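Coordinate analysis (summary)
Residue strings, one per chain:
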Amino acid sequence: MGDFTGGDVFLADCPARLAVEIITDKWAVVTLYGLSRGPRRHGELIDLIGGISKKMLTQTLRRLTEHGLVTRIAYAEVPPRVEYALTELGTTLMTPIEMLTKWAEQNGAAVVAAQEAASPQ
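Residues numbered from 1 in each chain as written. Predicted model: local features only at pLDDT ≥ 70, side-chain atom pairs only at ≥ 80, totals over all residues. Heavy atoms only, no water.

Description of the side chain of T60
- Tracing the backbone shows T60 in helix α4 (residues 54-66).
- When residues no more than four places from it in sequence are discounted, the contact partners of T60 are D25, W27, A28 and T31. (Helix = DSSP H or I, 4+ residues; strand = E, 2+ residues; numbered from the N terminus. Contact = heavy atoms within 4.5 Å.)

This is the structure we're talking about:
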């Protein structure tokens, strides 16, 4: 077996584990990917991300902002305008997210087939 001596992610208070928990949230990766081509407003993200509620997007954006992956830009205009953008730290996730997206596109059908095969008839 491999040596897990550097496996701090197994510890509950490890910063790496917190980072993994943040980015494995159901909506986090999709939201980050939605911001990968530039700043977007809340409504634009709702239109872009199928199936996410306004409340869930708000919660996801707050969490990503609190953890330094997304920035909230509020413009002093009437009516008020708010945009969300990736931070420099958030941008570092784009390569792994793109790799994961490619894997999902290539293997999604196989995952669904396995799920259907395992379901009781």
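Considerations on the confidence of the model for the protein
- Summing up the model confidence of the protein, the mean pLDDT is 89 and the portion of residues at 70 or higher is 92%.
- Of the regions scoring below 50 in pLDDT, residues 1-6 engages in one contact with residues more than four places distant in sequence or in other chains. (pLDDT = per-residue confidence, 0-100.)

Regarding the layout of surface pockets
- As a volume, the largest pocket reaches approximately 180 Å³.
- Residue lining of the largest pocket: V29, V30, Y33, G34, S36, R37, R40, L48, I97 and T101, and that is the complete set.
- Put simply, the parts of the chain that give the lining of the largest pocket at least two residues each are α2 (28-34) and α6 (94-118).
- Looking at the lining of the largest pocket element by element, the count peaks at four residues for α2.
- Looking at the lining of the largest pocket, its residues break down into five nonpolar, three polar and two charged. (1 Å grid on protein atoms, 1.4 Å probe; cavity = no way out; pocket = protein on both sides within 12 Å on 5 of 7 lines; lining within 4 Å. Points joined across faces, edges and corners; volume = space filled by probe spheres on them. Nonpolar A, V, L, I, M, F, W, Y, C, P; charged D, E, K, R; others polar.)

Focus on the environment of I23
- In this structure, I23 sits in helix α1 (residues 15-23).
- On the accessibility criterion, I23 (28% relative accessible area) is partly exposed.
- When the C-alpha positions of I23 and L69 are compared, they lie 9.8 Å apart, and in sequence the two are 46 residues distant.
- Not counting chain neighbours up to four residues away, the residues in contact with I23 comprise A28, V29, L69 and L93. (Buried < 20%, exposed > 50% of the residue type's maximum accessible area, 1.4 Å probe, protein only.)

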